[in-house]
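# Descriptive structure summary
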Amino acid sequence: MDRPTHHRYAVVGGHQLFYRQAGPPEAPAVVLLHGFPASSFMFRRLIPALSDRYHVIAPDMLGFGLSDAPDGFGYTFDALTELTAGLLDQLGLRRYAMYVQDYGAPVGWRLALRPERPVTAIVTQNGNGYEAGFNPEFWAPIWAYAADPSPATEAPVRSALELDAVKWQYLEGTPDPSVIAPETWLHDHDLLRRPGNDAIQLALFRDYPSNLRVYPRLHEYLRRERPPVLAVWGRNDRIFDPAGALAFREDVPDAEVHLRDGGHFLLESDFDTVATYTREFLGEILALQR
């Protein structure tokens, strides 16, 4: 029997956060954390593929999707993590697996480092946790802007908010771009165009180096706790190099790694394979943990 996906809001820290929820509340929990410039919309097909077995939660981060995007908020990855943790607290999630992509990864790593919320398993789909994963050509303008914000350094990163750049993230590296529905990049770009959202995204670009400072703690956590890890990656991703996927084996030697013929948004071009890997991985791991 198909289980419906519920579309809900919660007020956390005075801000309204949108989230998608599906599956039996008593089942093992799986939290899906989206990337830039996306939202929980990117999981619209994965949620029903998991909700027959799991209690699935997919929030929109503040400033993304259908969540609030207030002016004057201090947009950092630490702050996004605090709000996400607050939402999970409201929903009573104290133990869960996570699926992270792009921006969802640094938020997920911070959540995993909180011992009061044990992470049962990690699925990372083009969600970076190692310096080896950064494509130098893509990231050079972001590092320059973060180091010295100015009109000159801002211009190249601001272009990432334009429609052609959002479309590029979806199509680049995809063997058959015709399989990706145009509403994906149109939906993302439309929400990026909300008044004031450019300032939000620029603030997060400036804060991105803070994620590198989390990496040593993440690696220590992975070595110490050895959480089960599945890394499924588009090997043609020009944002996060597949070396970032292989690097998880440095700290979790038995990490399961799959490099697929695809790009950054692999769920759009290779959904059946990614969903199958995810279901099989979670099914095996969470069954052993019960």
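You'll find the structure just up there.
Cut-offs used in this document
- Residues numbered from 1 in each chain as written.
- Predicted model: local features only at pLDDT ≥ 70, side-chain atom pairs only at ≥ 80, totals over all residues.
- Heavy atoms only, no water.
- Axes fitted to C-alpha atoms, helices over the stretch in contact; angles between N-to-C directions.
- Helix = DSSP H or I, 4+ residues; strand = E, 2+ residues; numbered from the N terminus.
- Left-handed = near helix turned anticlockwise from the far one by under 90°.
- Contact = heavy atoms within 4.5 Å.
- Nonpolar A, V, L, I, M, F, W, Y, C, P; charged D, E, K, R; others polar.
- Buried < 20%, exposed > 50% of the residue type's maximum accessible area, 1.4 Å probe, protein only.
- Polar contact = N/O pair within 3.5 Å; in protein donor to acceptor, adjacent residues only side chain to side chain.
- Phe/Tyr/Trp six-rings, centres within 6.5 Å; stacked < 30°, edge-to-face > 60°.
- Lys NZ or Arg CZ within 6 Å of the ring centre and 35° of its normal.
- Pairing = 2+ DSSP bridges.
- Parallel < 35°, antiparallel > 145°, perpendicular 65-115°, else oblique.

### Quick look at the packing of helix 4 (residues 136–147) against helix 5 (residues 151–158)
For the pair helix 4 and helix 5, interaxial distance at closest approach is 9 Å and the crossing angle is 140°. Handedness of the helix 4/helix 5 crossing: left-handed. Counting all contacts with helix 4, which are made through Pro141, Ile142, Ala144 and Tyr145, the residues of helix 5 involved are Thr153, Glu154, Pro156 and Val157. Per-class residue counts for the contact of helix 4 with helix 5 are six nonpolar, one polar and one charged.

### What about the side chain of Thr153?
Here Thr153 shows up in helix 5. The exposure class of Thr153 is buried, given its relative accessible area of 18%. There is a polar contact of 2.8 Å between the side chain of Thr153 and the backbone oxygen of Asp148. Within the structure, the side chain of Thr153 is placed 3.0 Å from the backbone nitrogen of Ser150, a separation counted as a polar contact. Beyond its immediate sequence surroundings of up to four residues, Thr153 is in contact with Ala144, Tyr145 and Asp148.

### Regarding the packing of aromatic side chains
Tallied over the entire structure, the rule returns 23 aromatic pairs. On the basis of an interplanar angle of 80° and a centroid distance of 5.0 Å, the ring pair of Phe134 and Trp139 is categorised as edge-to-face. The class for Phe134 is buried, based on a relative accessible area of 10%. Classification of Trp139 by relative accessible area gives buried; the value is 3%. Above the face of the Phe41 ring, Arg44 is positioned so that its terminal group lies 4.3 Å from the ring centre. Here the guanidinium or amino end of Arg45 rests over the ring plane of Phe271, the centre of that ring lying 4.1 Å away.

### Details of the pairing of strand 3 (residues 29–33)
Counting buried positions along strand 3 yields five of five residues, so the element is predominantly enclosed. Pairing geometry for strand 3 and strand 4 (residues 55–59), over three bridges, is parallel. Of the residues in strand 4, the one forming a bridge with Ala29 is His55.

### Quick notes on the packing of helix 5 against helix 8 (residues 197–207)
Remark: helix 5 packs on helix 8, axes separated minimally by 11 Å, with the N-to-C direction vectors making an angle of 105°. On the basis of their axis angle, the class for helix 5 and helix 8 is roughly perpendicular. Contacts between helix 5 and helix 8 involve Glu154, Val157 and Arg158 from the former and Asp198, Leu202 and Phe205 from the latter. Of the residues in the contact of helix 5 with helix 8, the class split is three nonpolar, no polar and three charged.

### Topic: helix 8
Summarising burial for helix 8: eight of the 11 residues are buried, a large majority. Along helix 8, the residues classified as buried are Asn197, Ile200, Gln201, Leu202, Ala203, Leu204, Phe205 and Asp207. Packing partners of the buried residues in helix 8 comprise helix 2 (77–90), helix 4, helix 5, helix 7 (183–192) and helix 9 (209–225).

That is the geometry; function is a separate question.
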